[in-house]
Amino acid sequence: MTSKAMMKLGACFPTNEIGNDPSAIRDWAQAVEGMGYDFVEVYDHVFSFDPAPDGRRFDRVYTKETAWHEPMVTMGFLAAVTSRVQFLTGILILPQRQTAL
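Participant: So what's going on with the pattern of salt bridges? Residues and values would help.
Facilitator: All chains considered together, the criterion is met by two salt bridges. In this structure, the salt-bridge partner of Arg26 is Asp27, at a minimum N-O distance of 2.9 Å. The residue Arg84 makes a salt bridge to Asp38 at a minimum N-O spacing of 4.0 Å. Separated by 46 residues along the polypeptide, Arg84 in the loop between α2 (71-81) and β3 (86-89) and Asp38 in the loop between α1 (22-34) and β2 (39-42) bring together distant segments of the chain.

Rendered as structure tokens:
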């Protein structure tokens with residue numbers, strides 16, 4: 001018996017770029033699903049940092065002002081507005097979270 005190998009393709013949720021408009025997030029997820037992607041990957045980042053007092057920005061793309069979409073809530077929302085795609089976390093920084101989270 002032989003098995004057919006299948007590669008799945010996914011899209012990375014644009015957590016820093018998409019903003020907080022639920023309609024935009026829904027439209028993005030439905031477009032990803034409509035294009036045939038198999039899964040959506042959502043990154044986590046609980047902590048951030050302050051820029052240096054002298055204004056240096058370092059080589060980071062986010063600061064404490066950057067909005068991050070909490071992965072479990074985001075995946076729940078995405079699941080409610082899609083029907084086929086699967087979800088996974090790219091990073092889930094469990095030790096940085098309180099037990100209640």
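Participant: Help me get a handle on the nonpolar core, residues and values and all.
Facilitator: Formed by Ala11, Phe13, Ile18, Ile25, Ala29, Val32, Val40, Val42, Met75, Leu78, Val81 and Val85, the largest nonpolar core amounts to 12 residues. Of all the secondary structure elements, the ones that give two or more residues to this core are α1, β2 and α2. Ignoring any residue separated from it by four or fewer positions in sequence, one finds Phe13 in contact with Ile18, Ile25, Trp28, Val40, Glu41, Val42, His69, Thr74 and Leu78.

Participant: I'd love a proper account of α1, names of residues and values included.
Facilitator: Since the α-helix packs 3.6 residues into each turn, any two residues three or four apart lie on the same face. Here α1 is 13 residues long and its end C-alpha atoms lie 18 Å apart, about the 18 Å a rise of 1.5 Å per residue gives. Regarding α1, the residues found buried are Ile25, Ala29, Val32 and Glu33. Angular distribution of buried residues about the axis of α1 spans 100°; they occupy a single face of the element. Where α1 is buried, its residues touch β1 (10-12), β2 and α2. Where α1 starts, the residue carrying a side-chain oxygen 3.1 Å from the main-chain nitrogen of Ser23 turns out to be Asp21. A positive backbone phi angle near 95° is found at Gly36, which sits one or two residues after α1.

Calculation criteria
- Along each chain, numbering runs from 1 in the same order as the chain's sequence is written.
- Residues qualify for local features only when their pLDDT is at least 70, as the model is predicted, and side-chain atom pairs are given and counted only at 80 or more; totals for whole chains, interfaces and linings, by contrast, use all residues.
- Excluded from the side-chain calculations are hydrogens and water; all other atoms, namely the structure's heavy atoms, are used.
- Every case where a carboxyl oxygen of Asp or Glu lies within 4 Å of a side-chain nitrogen of Lys or Arg is listed as a salt bridge.
- Secondary structure elements follow DSSP: runs of H or I no shorter than four residues count as helices, runs of E no shorter than two count as strands, and numbering proceeds from the N terminus.
- Each nonpolar core is a collection of buried residues, namely Ala, Val, Leu, Ile, Met, Phe, Trp, Tyr and Cys, held together in the definition by side-chain atoms within 4.5 Å.
- Relative accessibility decides the category of a residue: with a 1.4 Å probe and only protein chains considered, values under 20% of the type maximum give buried, values over 50% give exposed, and everything between is partly exposed.
- Contact definition: two residues touch when any of their heavy atoms are within 4.5 Å.
- Expected helix span is given by 1.5 Å per residue-to-residue step, counting one fewer step than there are residues.
- Working definition: the arc comes from the directions between the helix axis and the C-beta atoms, pointing outward to the latter.
- We call two N or O atoms a polar contact when they sit within 3.5 Å, provided that within protein one can donate a hydrogen and the other can accept it, with sequence-adjacent residues counted only if both atoms are side-chain atoms.

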